[in-house]
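Close look at the chain arrangement
Spelled out from the first residue to the last, the chains are:
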Amino acid sequence: MPSPRRLLAGLALATTLISPPLLAESRPLAVVAPWEITGNDPATSGYIFGRMGIAETLVEVDAEGRLTPGLASDWAVDGAGLSWRFELRDGVVFHDGTPLTAEAAADSLRHAWAKPGMLDSAPITAIEVDGDAVVISLEAPFAPLPALLTHSTTQILAPAAYADGGRVEAMIATGPYRLTELAPPQRLSAERFADYWDAAPAIEAVSYLAVGRGETRALMAESGDADIVFTLDPASRGRLARDEGLALHAEPLPRTIVLKVNAGHPFLAEEAARRALSQAIDRRGIAAGLLRDPEAAAPELFPASLGPWHLGLDGEAGGDPTSARASLEALGWQANDRGILERDGTPFRLTLTTFADRPELPLVATALQDQWRELGIDLEVAVSNASAIPSGHRDGSLELGLAARNYGLVPDPLGTVLEDFGGDPAQPGGDWGAMHWSDAEVSAWLDTLRRDADPELGEELASRVAARLNRAMPVIPVAWYQQTAAVNAELEGFSIDPLERSYRLEALTWTQ
């Protein structure tokens, strides 16, 4: 008869051989990124809770950027465009076991509406309950409303999550993972929610750690202290790419480095002059040399993740100072004996304002200074605070501003585009968008997009607006940001969400 020790050893071996999926799924997953957690409230930290699969919204987004059912199974607007009805999904429970009801969802949205967030941009007059539906009433038609309801500030929480006055005292939501520990500003842990309404994730436990220094994050990926590390600095990417235990991923984000142009300036008022400035930019060189990613070159404002707003232009185009100079010469600019362009005795001299909050911006500004010097433009770079650009817009002193503009706060960039290129015809544009530039057709197209929810018309008009902006260049695109990640090679199913709503943890499995 075998000894007890041999029996135990045999049992342990058998368990190992017959249950690797169980062992794999019980292996915890550690995520590291630079963004801090400020508390329980979706108004300030909802983006972390959404990315980690803890909290959900009424409307979701698929891999192609299309709106899909979330906690709302369906939605529709009335004929006047003033009342949106969101039918709730059956069988959903919060992490505390209480059911999702229309009243709970409406109450969450009312709390979100009362705080600064995406719902501010919609002309909402009331959020009410009708049976198993949430009904949102508007003062005027607003077609992008469902897209706003994908934003993290509109996450639906349980009634027990709120204290008096609408303060969020606990993160109790409906996602595939349930929060088990929260230690702001750096750490949270979560576990698989057994009663989740959809397919349960394979991995049982996940954690998040906010680490500000890029070098530290890279070292954590190398050492195995983190399984997924987001936002890699260019210097680390080359080293991590040689690590066989890691897989590197990159995805262009709908955040664009742009040149905001004062179209009221006498040197910049002509459309041909703005196009010449754009034509002279070696985007590929900037993307490869400074951002360490040639694919980040942006020949247009909107990347492919924004669907019909993306024109599919050639990223290799540009960097042609000879043709750009010819265009400026046709406008009366001639080089003086120092190689600087002049017109009517006035040199082509401009100031470009940027800021150091994003450390790549001053570097890109210096590259533009060098490239335009070859064109014959005397460009001074002023590195200031981020507030200098909107301040210069308002007082009219800004000539050029270099900034990073996020067009993907929600899947439909219309809200941002309206802010940047719509508005009052007497004073069009916004702090980070057009300056002293307007186009009657663009204004009409944007107004139709704001009012009309027809998807086919929306796609056609979005393409028209994007094409007109690309021709008129009230804002000149330079480069798209890339989200980067180093991932443990033993993880399967990883992908980057270009809208940064989710880390897609529910799709991941351990291979061993």
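Calculation notes
Residues numbered from 1 in each chain as written. Predicted model: local features only at pLDDT ≥ 70, side-chain atom pairs only at ≥ 80, totals over all residues. Heavy atoms only, no water. Helix = DSSP H or I, 4+ residues; strand = E, 2+ residues; numbered from the N terminus. Rg over C-alpha atoms; globule rule 2.2 N^0.38 Å. Contact = heavy atoms within 4.5 Å. Areas by Shrake-Rupley, 256 points an atom, 1.4 Å probe, with all protein chains shown as cover. Pairing = 2+ DSSP bridges. Expected span 1.5 Å × (residues − 1). Buried < 20%, exposed > 50% of the residue type's maximum accessible area, 1.4 Å probe, protein only. Patch = residues over 30% accessible without salt bridge, like charges linked within 9 Å, V, L, I, M, F, W, Y side chains within 5 Å. Salt bridge = Lys/Arg side-chain N within 4 Å of Asp/Glu carboxyl O. Lys, Arg positive; Asp, Glu negative; His and termini not counted. Charge placed at Lys NZ, Arg CZ, Asp CG, Glu CD.

1. Re the overall build of the chain
Helix and strand counts for the chain come out as 15 helices and 21 strands. Its C-alpha radius of gyration of 26 Å places the chain within 12% of the 24 Å reference for a compact globule of 512 residues. Summarising its shape, the C-alpha atoms of the chain cover approximately 105 × 60 × 40 Å along the three principal directions. A separation threshold of at least 6 residues defines the contact pool for the chain, and within that pool the share at least 24 residues apart is 68%. Accessible surface, the chain: about 22000 Å² in total, of which carbon and sulfur atoms supply 50%.

2. A look at the sheet that holds strand β13 (residues 334-335)
Within the open sheet, the three strands sit side by side as β13-β14-β15. Their pairing is antiparallel. Lying at the two open borders of the sheet, with one neighbouring strand each, are β13 and β15 (346-347). Across two bridges, the pairing between β13 and strand β14 (residues 341-343) is antiparallel. Within β14, the position partnered with Ala-335 by the bridge is Leu-341.

3. Here we look at helix α11 (residues 360-375)
The end-to-end C-alpha distance of α11, which contains 16 residues, comes to 23 Å, matching closely the 22 Å that a straight helix rising 1.5 Å per residue would cover. For α11, the complete set of buried residues consists of Glu-360, Leu-361, Pro-362, Val-364, Ala-365, Ala-367, Leu-368, Gln-369, Gln-371, Trp-372 and Leu-375. Phi for Gly-376, located one or two positions after α11, is positive at around 110 degrees.

4. Quick look at a negative patch on the surface
Taken together, the side chains of Asp-452, Asp-454, Glu-456 and Glu-459 make up a negatively charged region of the molecular surface. Along the chain, Asp-452 falls in the loop between α14 (440-451) and α15 (455-472). Taking relative accessible area as the criterion, Asp-452 reaches 32% and is therefore assigned partly exposed.

5. Remarks on the environment of Phe-142
Counting through the fold element by element, Phe-142 comes out in the loop between β7 (133-138) and α5 (145-148). Spatially, the C-alpha atom of Phe-142 lies 7.7 Å from that of Leu-82, the residues being 60 residues apart in sequence. When neighbours within four sequence positions are excluded, Phe-142 is seen to be in contact with Gly-81, Trp-84, Ser-121, Ala-122, Pro-123, Leu-148 and Arg-450.

6. Section: the side chain of Ser-278
Topologically, Ser-278 is positioned in helix α8 (residues 271-279). According to the relative accessible area criterion, Ser-278 is buried, its value standing at 7%. Ignoring sequence-local partners within four residues, the contact set of Ser-278 consists of Arg-283, Met-473 and Ile-476.

7. Some details on the environment of Leu-138
The topology assignment puts Leu-138 in strand β7. A residue is classified by how much of its surface remains accessible, and Leu-138, at 6% relative accessible area, is buried. It is 5.2 Å that separates the C-alpha atoms of Leu-138 and Thr-125, two residues lying 13 residues apart in sequence. The contacts of Leu-138, once residues within four sequence positions are left out, are Gly-81, Leu-82, Trp-84, Pro-123, Ile-124, Thr-125 and Leu-145.

8. Regarding the pattern of salt bridges
For the structure on display, the rule yields 30 salt bridges. Between Arg-213 and Glu-215 there is a salt bridge, with the nearest N and O atoms lying 3.0 Å from each other. For Arg-213, a relative accessible area of 53% gives the class exposed. Close ionic contact of Arg-349 with Asp-378 constitutes a salt bridge, the shortest N to O distance being 2.8 Å. Separated by 29 residues along the polypeptide, Arg-349 in strand β16 (residues 349-355) and Asp-378 in strand β17 (residues 378-384) bring together distant segments of the chain. Accessibility expressed as a relative area gives 41% for Arg-349, which makes it partly exposed. Here the salt bridges do not stand alone but share partners, grouping Asp-62, Glu-64 and Arg-66 into one network.

On their own, these measurements won't tell you what the molecule is for.
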